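The residues making up each chain are set out below.
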Amino acid sequence: MRKILIATEKPFASVAVKKISKVFKSAGYDLKLLENYTSKQELLDAVSKVDAVIIRSDKIDAEVLLAAKKLKIIVRAGAGYDNVDLKTATKNNVVVMNTPGQNANAVAELAIGMAILGIRELFSGKPGGELRGRTLGLHGFGFVARNVFRIARALGMKVIVYTRYSKHAAAAIGLKVTNSLEQLYEKSDIVSIHVPAKGEHLKSVSYEVLKHLKDGSIIVNTARKEVINESDLVKIMEEKSGIKYLSDVTPECEDEFAEKFPGRYFFTPKKAGAQTAEANLNAGLAAAEQIVDFFEKGDCTYQVNKKAL
Ligand code: 3PG
């Protein structure tokens, strides 16, 4: 009997766990749950006996992969897989998948929520502004950004985008694609970041880009803290005292923000973008179905690591 583990340091909503259990039950698989775990040892013990694991932002490094002797597949229920050591997974013949798009609306709603929080002066009572008529710059144009676009348009915002890989998709729906990242930051009242924490995107939001922001603009980051150069961010916020930064997860330099920029930032204490019952259901169920399809049909559609030779 196949053994499956859900290892979620930040658990799914219980309605999602119930439905995922049903998928595995009807496939005849055995499901174990490791939720809210607090030590790596618990994860190491739990993975040692299973054929497949569903995770969220849980860290799967070389040590975890070494302990997972029987493991054939990891599905990251969500988009970003920067928490998985892909090279070691490939070396160990473990397939890694994500569930693209499944939690995108939840993250997009948080991005818009943060834009509102920012423009309303963090609901402090200070007079704020409105999103209608403002220019929203989408840095990246994946599933989350497309949902942000849909909502922003309904709010009466002007939306522009910088993307290298989805230019045609953006232009096809009438979105203005800027010629450079610098131009996007220069023209936007609010920038919303939607690029993955890998390759050219790491620290891509640098001083060279940030210096083009207007004073008074708002940066919303529901992607990853690794895409921003934090010391450059601090520098531009020192130079332009109207800039605000709202982010889903706290940056390394939180203390510096507290000291220098009161009233100009907001950080979620724990990554909250995909923390909705709907997103948990969509991503969790997709992960479960992908595991069943992998074992029953050899389906590797959403594989994100290289296939072992
Ligand atoms: C993702 O990459 O899908 C989001 O950042 C959600 O992460 P989470 O599953 O840890 O909430």
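(A) The domain arrangement of the protein chain, seen in detail. You can read the domains of the protein chain as domain 1 (3-102 + 275-297) and domain 2 (104-267). Contact residues are listed per partner, giving 9 residues for domain 1 and 6 residues for domain 2. Across the contact surface, domain 1 and domain 2 share 1 salt bridge. Residue Asp 82 pairs with Arg 224 through a salt bridge whose shortest N-O separation is 3.2 Å. The interface formed by domain 1 and domain 2 contains 3 residue pairs in polar contact (both at pLDDT 80 or more). Partitioned by chemical class, the residues of the side of domain 1 that touches domain 2 number 3 nonpolar, 4 polar and 2 charged.

(B) The arrangement of the sheet that holds strand β7 (residues 158-162) in detail. One open sheet holds the 7 strands; their spatial order is β8-β7-β6-β9-β10-β11-β12, and the pairing between them is parallel. Edge positions in the open sheet fall to β8 (176-177) and β12 (265-267), since each of these has one partner strand only. Relative to β8, β7 is paired through 2 bridges, and the arrangement is parallel. Paired with Ile 160 across the two strands is Lys 176, which belongs to β8. Those strands touched by helix α5 (residues 104-119) are β9 (190-193), β10 (218-221), β11 (244-247) and β12, and its axis lies near 150° from that of β10.

(C) Expanded view of the pairing of strand β2 (residues 30-35). Looking at chain direction, strand β1 (residues 3-8) and β2 are connected through 6 bridges and run parallel. Residue pairing in the sheet places Ile 6 in a bridge with Leu 33 of β2. Handedness of the crossover joining β1 and β2 through helix α1 (residues 14-27) is recorded here as right-handed.

(D) View of the pattern of salt bridges. Scanning the model with the defined rule gives 16 salt bridges in all. Among the salt bridges present, the one from Glu 9 reaches Lys 270, with a minimum N-O distance of 3.1 Å. Taken as a pair, Glu 9 in the loop between β1 and α1 and Lys 270 in the loop between β12 and α12 (277-297) lie far apart in primary sequence, 261 residues in all. For Glu 9, a relative accessible area of 33% corresponds to the partly exposed category. Residue Lys 270 is classed as partly exposed on the basis of its relative accessible area of 42%. Connected via shared salt-bridge partners are Lys 40, Asp 61 and Glu 63.

(E) Examining the packing of aromatic side chains more closely. Summed over the entire model, instances satisfying the criterion amount to 9 aromatic pairs. With 6.1 Å between their ring centres and 65° between their planes, Tyr 245 and Phe 267 make a pair best called edge-to-face. Pair noted here: Tyr 245 is in strand β11 and Phe 267 is in strand β12, with a separation of 22 residues, a long-range link. When sorted by exposure, Tyr 245 lands in the same class as Phe 267, which is buried. Between the aromatic rings of Phe 257 and Phe 261, the centroid separation amounts to 5.1 Å while the plane-to-plane angle is 70°, which identifies the pairing as edge-to-face. According to the relative accessible area criterion, Phe 257 is buried, its value standing at 0%. Three or more aromatic residues joined by ring pairs form one cluster here, namely Tyr 245, Phe 257, Phe 261, Tyr 265 and Phe 267. The residue whose ring lies beneath Lys 235 is Tyr 207, and the NZ or CZ to ring-centre distance is 3.9 Å.

(F) Looking closely at the sheet that holds β2. Taken in spatial order, the 5 strands of this open sheet run β2-β1-β3-β4-β5, and their pairing is parallel. Strands with a single pairing partner mark the edges of an open sheet, and in this sheet they are β2 and β5 (95-98). Strand-to-strand twist across the sheet, computed as the mean angle between neighbouring axes with direction ignored, equals 15°. As paired strands, strand β3 (residues 52-55) and strand β4 (residues 73-76) are joined by 4 bridges and run parallel to one another. Residue pairing in the sheet places Val 53 in a bridge with Ile 74 of β4. Across the face of the sheet, α1 comes into contact with β1, β2 and β3 while running at roughly 155° to β2. Of the strands in this sheet, β1, β3, β4 and β5 touch α12, which is tilted by about 160° from β3.

Rules and cut-offs
All residue numbers here refer to positions counted from 1 along the written sequence of the relevant chain. Residues qualify for local features only when their pLDDT is at least 70, as the model is predicted, and side-chain atom pairs are given and counted only at 80 or more; totals for whole chains, interfaces and linings, by contrast, use all residues. Note that water and hydrogens are dropped before the side-chain values are worked out from all heavy atoms of the structure. These domain limits were set by an automatic method or by a database of domain assignments. Working rule for contacts: check all heavy atoms of both residues, and any pair within 4.5 Å makes them a contact. Salt bridge, as applied in this entry: a Lys or Arg side-chain nitrogen positioned within 4 Å of an Asp or Glu carboxyl oxygen. Polar contact is defined as a pair of N or O atoms within 3.5 Å, subject to the rule that within protein one atom must be able to donate a hydrogen and the other to accept it, and that residues adjacent in sequence are counted only when both atoms are side-chain atoms. In this count, Pro and Cys sit with the nonpolar residues alongside Ala, Val, Leu, Ile, Met, Phe, Trp and Tyr, while Asp, Glu, Lys and Arg are called charged and the others, Gly among them, polar. Paired strands, as defined in this entry, are two strands with at least two bridges between them according to DSSP. Per the convention used, a helix needs a DSSP run of H or I reaching at least four residues, while a strand needs a run of E reaching at least two, with both numbered from the N terminus. Helix axes are fitted only over the stretch in contact, all axes being lines through C-alpha atoms; the angle between N-to-C directions runs from 0 to 180 degrees. Handedness of a crossover is defined as follows: orient the strands so they point away from the viewer, and if the path from the first strand over the helix to the second runs clockwise, the crossover is right-handed. With a 1.4 Å probe rolled over the protein chains alone, any residue whose accessible area is under 20% of its type maximum counts as buried; one over 50% counts as exposed, and the rest are partly exposed. Any pair of Phe, Tyr and Trp rings, taking the six-membered ring for Trp, is counted once the centres come within 6.5 Å. Such a pair is stacked with planes under 30 degrees apart, edge-to-face with planes over 60 apart, and tilted for the rest. To sit over a ring, a charge needs its Lys NZ or Arg CZ within 6 Å of the ring centre and within 35 degrees of the ring normal.

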